[in-house]
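Geometric and topological summary
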Amino acid sequence: MEKYVVVLAAGKGTRMKSKLYKVLHQVCGKAMVEHVVDATRAVKPSKIVTIVGHGAEDVEKVLAGKSEFAMQEKQLGTGHAVMQAEGQLAALEGATLVVTGDTPLFTSETFEKLFAYHEEESNAATVLTAEAPDPFGYGRIIRDDQGNVLRIVEQKDGKPEELKVKEINTGVFCFDNQELWSALKQVGNDNSQGEYYLTDVLEILRKAGKKVGAYKMPDFSESLGVNDRVALAEATRIMQRRINEGHMRDGVTFIDPATAYIDADVEIGNDTVIEGGVTIKGHTVIGSDCLITSGSRIVDSQIGNGVTVTSSTIEESIMEDNTDIGPNSHLRPKALIKRGAHLGNFVEVKKAEIGENTKVGHLTYVGDATLGKDINVGCGVIFSNFDGVKKFHTTVGDKSFIGAGSTLVSPINVADHAFIAADSTITKDVGKYEMAIARGRQVNKEDYWHKLPLSEDEEWK
Ligand code: UD1
Ligand code: CA
């Protein structure tokens, strides 16, 4: 049986009260609609059509290469939305899954089970349902005394008796594709919202003598529809738990999984320990045997094996195997920390390479620089890379020693095995085996004490 998917994503999402279109709001670093499309891709449909309208360009960008698109110029309801895919789908034979773009928690297993049930029952339409603890806002499944599905009523159209029903429409349907297109033509808009409801297709098919049914999920949590920020936070909490449990099953230790915020696409190796209060975002890869402590934030970065990140921020950077950083340090974009290098506390690195086994222990800024191997950078060193107009580059050779408190005024080349004496302001290149000292000379004035109006035993105030 050929499978097709229609994803509804044309609405504005008024209840989000946002400049951003609803389906683009992120859950664990991924737009809601992308979660939906990714889960449907796993069931291998031969076509996915996403219905776009509000923010069409942005939605198409997020889903580029993953879906075809159909434009719904005016948002006249979910049934009207599906109709926009007529050109792409109406001629085909098979089963069509319809999902809304604001239900990010469905798994591909659920979609597979729905397809299988739909086929087994030879239904014309199967709705995916669940018992909602609080069904307010959802369409309700109305059944007869024998339990057969009669129709779906929307919150705004339901009679008080109907609204007591806790079984809800999750917004996911499986249709015989041909039956879908013929029934959609009969959907009207005579309801409280004046919209063409997809949900009416069920009753239309039943009345035409076709077999309709429901596949009820054992628990509600996947069905959460996100219409406002409260539901967005709830969806994030559920998704986060799922992501973290996946990592735990793969051998990652979480000290407090409830407060570790790991985006959907992050990879983490086994025997790595993640403390509470850690955020790892974007396309980050973390190796095995690492320790990431509280307060760390890692974005779009690659962390090798055996790395310790102590309460530090890392953005668009690479830390190779057996390196460490922190506490309270910051890798800004394009920092490359090579094997075995050590970055201590209050160190900031930007667009710079720190060579193998080089040590930058304390209170230092390294920007626009290439540092070789086995270098010792003392406390409080500044790579002064900016003259107010342009940025300049500094190079430091292997096994050099940069004394504490020095400033290297770029552009500077420091050769291998060079020394810079503490507190030097370096404005000229330093050659191999040389020692540069560039600071004011100390002068000691004799007998200064006796020039002051102080007695020998007086205390400082
Ligand atoms: C819808 C269902 C409801 C179900 C709930 C599940 C209908 C009439 N109601 O209600 O039974 O319980 O989902 O979450 O189907 N959209 C369009 N074009 C439109 C209207 C909507 O593309 O003209 C898209 C929206 O972008 C959204 C999705 O369809 O992604 C659902 O629309 P929404 O307004 O959120 O429907 P609900 O009121 O939640
Ligand atoms: Ca919704």
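Here is what the cut-offs are and how they apply
Residues numbered from 1 in each chain as written. Chains lettered and ligands numbered in written order. Predicted model: local features only at pLDDT ≥ 70, side-chain atom pairs only at ≥ 80, totals over all residues. Heavy atoms only, no water. Near = heavy atom within 4 Å. Polar contact = N/O pair within 3.5 Å; in protein donor to acceptor, adjacent residues only side chain to side chain. 1 Å grid on protein atoms, 1.4 Å probe; cavity = no way out; pocket = protein on both sides within 12 Å on 5 of 7 lines; lining within 4 Å. Sits in = over half its atoms within 2 Å of the grid points. Helix = DSSP H or I, 4+ residues; strand = E, 2+ residues; numbered from the N terminus. Nonpolar A, V, L, I, M, F, W, Y, C, P; charged D, E, K, R; others polar. Donors = N, O, S within 2.8 Å, 3.2 Å for Na, K, Ca; no water. Buried < 20%, exposed > 50% of the residue type's maximum accessible area, 1.4 Å probe, protein only. Pairing = 2+ DSSP bridges. Salt bridge = Lys/Arg side-chain N within 4 Å of Asp/Glu carboxyl O. Domains from an automatic or database assignment. Contact = heavy atoms within 4.5 Å. Buried area = accessible area lost by both parts, 1.4 Å probe. Points joined across faces, edges and corners; volume = space filled by probe spheres on them. Axes fitted to C-alpha atoms, helices over the stretch in contact; angles between N-to-C directions. Parallel < 35°, antiparallel > 145°, perpendicular 65-115°, else oblique. Expected span 1.5 Å × (residues − 1). Arc of directions from axis to C-beta. Phe/Tyr/Trp six-rings, centres within 6.5 Å; stacked < 30°, edge-to-face > 60°. Lys NZ or Arg CZ within 6 Å of the ring centre and 35° of its normal. Patch = residues over 30% accessible without salt bridge, like charges linked within 9 Å, V, L, I, M, F, W, Y side chains within 5 Å. Areas by Shrake-Rupley, 256 points an atom, 1.4 Å probe, with all protein chains shown as cover.

A word on the site of ligand 1. With respect to spatial proximity, 25 residues lie near ligand 1, and among them G11, Q72, T78, E154 and N169 are the closest. Q72 places a polar side-chain atom, nitrogen or oxygen, 2.7 Å from a nitrogen atom of ligand 1. Here ligand 1 is seated within the largest pocket. Elements with a contribution of two residues or more to the shell around ligand 1: β1 (3–9), α3 (78–83) and β10 (167–176). Element by element, the count of residues in the shell around ligand 1 is highest for β10, at three residues. Considering only residue class, the shell around ligand 1 consists of eight nonpolar, 13 polar and four charged.

Okay, the coordination of the calcium ion (ligand 2) next. Here the calcium ion (ligand 2) is held by D102 (OD) and N227 (OD1), and the distances to it run 2.3 to 2.5 Å. Remark: N227 occurs in the loop between β11 (212–216) and α9 (229–249) and D102 occurs in the loop between β6 (95–100) and α5 (108–120); sequence separation between them is 125 residues. Overall, the relative accessible area of 12% leaves D102 in the buried class. Taking relative accessible area as the criterion, N227 reaches 22% and is therefore assigned partly exposed.

On to the pairing of strand β8 (residues 140–143). Where β8 lies against strand β9 (residues 149–153), four bridges are found, and the strand directions are antiparallel. Note that in β9 the partner of R143 across the bridge is V149. A loop of five residues connects β8 with β9, the two strands running antiparallel in sequence, and G147 in this loop sits at a positive phi of about 90°.

This brings us to the pattern of salt bridges. What the rule picks out here adds up to 23 salt bridges. Between E161 and K164 there is a salt bridge; the shortest N-O distance is 2.9 Å. Assessed through its relative accessible area of 58%, K164 is described here as exposed. For the salt bridge of E203 with K207, the shortest nitrogen-to-oxygen distance reads 3.2 Å. Here E203 and its partner K207 are both found in helix α8 (residues 200–207), four residues apart, which amounts to about one turn of the helix. Overlapping salt bridges, with partners in common, bring together K30, E34, D38, R41 and K66 in one network.

On to the domain arrangement of the protein chain. What the domain assignment lists for the protein chain is domain 1 (3–223) and domain 2 (252–436). Inter-centroid distance (C-alpha atoms) of domain 1 to domain 2 is 49 Å. Facing the four residues of domain 1 at the interface are four residues of domain 2. Of the roughly 260 Å² buried where domain 1 meets domain 2, counting both sides, 52% is carbon and sulfur surface. The largest per-residue losses of area from domain 1 upon contact with domain 2 belong to C28, G29 and K30, which jointly make up 91% of the total buried on that side. Inspection of the region where domain 1 meets domain 2 yields zero salt bridges. Taken together, domain 1 and domain 2 are joined by two residue pairs in polar contact (both at pLDDT 80 or more). In terms of residue class, the side of domain 1 that touches domain 2 is built from one nonpolar, two polar and one charged.

In summary, the side chains of a regular strand alternate between the two faces of the sheet. Of all the ten residues making up β10, nine are buried; the element is thus mostly covered by neighbouring parts of the structure. Judged from the four bridges that link them, β6 and β10 form a sheet pairing that is antiparallel. Within β10, the residue paired with T96 across the bridge is F175.

By volume, the largest pocket is sized at about 1,200 Å³. Forming the boundary of the largest pocket are 41 residues, of which R15, K22, T78, D102 and N227 lie nearest the centre. Counting only elements with at least two residues in the lining of the largest pocket, the list comes to β1, α3 and β10. Examining the composition of the lining of the largest pocket, we find that four residues originate from one element, β10, more than from any other.

Where helix α7 (residues 177–184) contacts α8, the axes come no closer than 10 Å and their chain directions differ by 100°. When the axes of α7 and α8 are compared, the pair comes out roughly perpendicular. Only V201, I204 and L205 of α8 make contact with α7, whose side of the interface consists of E179, A183 and L184.

In a regular helix each residue adds 1.5 Å, so 13 residues correspond to 18 Å; α5 covers 18 Å between its end C-alpha atoms and thus fits that length. Every buried residue belonging to α5 is among S108, T110, F111, L114, F115 and H118, and all of these are buried. Along the axis of α5, the buried residues cluster in a sector spanning 160°; they form a single face. Packed against the buried residues of α5 are β1, α1 (32–41), β6, β7 (125–131), β10 and β11.

What follows deals with the packing of aromatic side chains. The tally for this structure, following the rule as stated, stands at five aromatic pairs. Judged by centre distance (5.8 Å) and plane angle (90°), the ring pair of Y138 and F220 falls under edge-to-face. One end of the pair, Y138, is in the loop between β7 and β8; the other, F220, is in the loop between β11 and α9, with 82 residues separating them in the sequence. We classify F220 as buried; its relative accessible area is 14%. Over the aromatic face of F386 sits the side chain of K391, whose NZ or CZ is 4.8 Å from the ring centroid.

Turning to a nonpolar patch on the surface, a few remarks are in order. On the surface, a nonpolar cluster with roughly 410 Å² of combined accessible area is contributed by F401, F419, M435 and I437. Following the sequence through the fold, I437 ends up in the segment after β37 (435–436). For I437, a relative accessible area of 51% translates into the label exposed.

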